[in-house]
Structures are given as C-alpha cells and as structure tokens.
Amino acid sequence: MFPKRGTLVQKSRNGRDSHYAATIATALRSELGTSARATKTVMHWTGASGRAAKYWLSGGRGPDGWHLVLLAKNSDAVLHCLLKMAGRDEYELGVDLGAAKAALLRAIATIDALIAPMNGS
C-alpha cells in the first residue's frame with residue numbers, strides 16, 4: 001500500500017470562478033497553443049510554477065492578482081479577454097492601435113536597417 005501524497009487543490013466555489021478560469025484558458029490557448037512550450041512561456045511571463053501554468057492553460061483554475069496582471073502585460077489575448085470581462089470593450093481599439101503602431105515602428109526599423117548598407121551609411 002502506498003501512502004497518499006501531494007497537495008489537495010480546492011474546487012472552485014461558484015460558477016463565476018469556473019467561467020473566469022475557462023475564459024482565461026481559452027485566451028491563453030488561442031495565443032500559445034497547448035504544448036509544453038506554452039506552459040514554459042506562461043511560467044516565464046509570470047514566474048509561476050509549472051503546476052499553476054498548467055491549471056491556467058487547462059481552465060482548472062484562473063490566475064489571481066499579480067499573475068493576471070503579468071499575463072495581460074505579455075498576452076494581447078488575455079488583455080482583450082480581461083477588458084471584455086470587465087465590460088470595458090471600448091478600450092480594445094486603443095490596445096489594437098497601440099499594437100499596430102508598435103508593429104509598424106518595428107517594420108520601419110527593419111526597413112531602415114536594410115536600406116542603410118545600400119546607401120553606404
């Protein structure tokens with residue numbers, strides 16, 4: 001007979017918790033997929049354990065507090081999801097425009113780097 005080991009994880013107390021966890025999980029999976037690499041990316045973004053990252057990706061539990069802030073900082077999908085759950089959909093356009101501006105600035109920098117050797121600069 002083997003002794004029982006491990007940590008017991010409490011089930012969510014109400015339907016809102018499970019809806020929240022599932023919504024965050026869907027956002028994370030849409031951006032990162034479901035591979036082990038996705039788990040490692042979430043761990044890197046948040047400093048959370050692998051177990052926590054797997055819970056978040058599976059929808060078994062949702063991130064709390066600072067971990068949610070760090071996920072929203074690194075994941076556009078989580079940020080959009082968070083704004084939608086908070087009823088602040090109007091801010092999504094600003095986030096999209098900010099991302100588009102950053103992408104355009106990166107493209108301009110790449111073009112400048114490619115043009116510079118041709119101009120002898």
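Every chain is numbered independently, its residues counted from 1 as its sequence is written. Given that the model is predicted, a residue must reach a pLDDT of at least 70 before its local features are reported, and side-chain atom pairs must reach 80 or more before they are shown or counted; all residues, however, enter totals for whole chains, interfaces and linings. Excluded from the side-chain calculation are hydrogens and water; included are all heavy atoms of the structure.

## Here's the deal with a nonpolar patch on the surface
The line we're drawing: Exposure above 30% relative accessible area and the absence of a salt bridge qualify a residue for a patch, where like charges join within 9 Å and nonpolar side chains (Val, Leu, Ile, Met, Phe, Trp, Tyr) within 5 Å. The Shrake-Rupley method, run with a 1.4 Å probe sphere, supplies the accessible areas, and residue values consider only the shown protein chains as cover. One speaks of a salt bridge when a side-chain nitrogen belonging to Lys or Arg is within 4 Å of a carboxyl oxygen belonging to Asp or Glu. Strands here mean DSSP runs of E at least two residues long; helices mean DSSP runs of H or I at least four residues long; both are numbered from the N terminus.
There is a patch of nonpolar side chains on the surface, built from Ile111, Ile115 and Met118 and spanning about 310 Å² of accessible area. Tracing the sequence through the fold places isoleucine 115 in helix α6 (residues 92-119).

## Re helix α3 (residues 50-58)
Inclusion rule: Working definition: with a 1.4 Å probe on protein chains only, accessible area under 20% of the residue-type maximum means buried, over 50% means exposed, and in between means partly exposed. Each direction from the helix axis to a C-beta atom contributes to the arc, which is the arc of those directions.
Along α3, the residues classified as buried are Gly50, Ala52, Ala53, Trp56 and Leu57. Summarising the axial view, the buried residues of α3 lie within an arc of 160°, below the 170-degree limit, and thus occupy one face. Turned more than 90 degrees away from the buried face of α3 sit Lys54 and Ser58, all of them exposed. Just past α3, the residue glycine 59 takes up positive phi, approximately 85°.

## Remarks on the nonpolar core
Our working definition: Side-chain atoms within 4.5 Å link the members of a nonpolar core, which is a set of buried Ala, Val, Leu, Ile, Met, Phe, Trp, Tyr and Cys residues. The criterion used for residue contact is that any of the two residues' heavy atoms lie within 4.5 Å.
Among the nonpolar cores identified, the biggest contains 18 residues, and Ile24, Leu28, Val42, Trp56, Leu71 and Val78 are the most heavily contacted of them. Put simply, the parts of the chain that give this core at least two residues each are α1 (15-32), α2 (36-46), α3, α4 (65-74) and α5 (76-85). Among all residues touching valine 42, those that are not within four sequence positions of it are Leu28, Leu32, Gly47, Ala53, Trp56, Leu57 and Leu71.

## What about the packing of α2 against α4?
So the rule is basically this: Structural elements are reduced to axes, namely lines fitted to C-alpha atoms, with helices fitted over the stretch in contact, and the angle between N-to-C directions of any two is expressed from 0 to 180 degrees. Orientation is classified from the angle alone, with under 35 degrees giving roughly parallel, over 145 giving roughly antiparallel, 65 to 115 giving roughly perpendicular, and any other angle giving oblique. Crossings are assigned a handedness: left-handed for a near helix turned anticlockwise from the far helix by less than a right angle, right-handed for a clockwise turn. When residue character is reported, Ala, Val, Leu, Ile, Met, Phe, Trp, Tyr, Cys and Pro are called nonpolar, Asp, Glu, Lys and Arg charged, and the others, Gly included, polar.
Direction vectors running N to C along α2 and α4 enclose 110°, while the axes themselves pass 9 Å from each other. By the criterion of interaxial angle, the relationship of α2 to α4 is roughly perpendicular. The two elements α2 and α4 meet at a crossing, and its hand is right-handed. From α2, Val42, Trp45 and Thr46 reach across to α4, where they touch His67, Leu70, Leu71 and Asn74. Partitioned by chemical class, the residues of the contact of α2 with α4 number four nonpolar, three polar and no charged.

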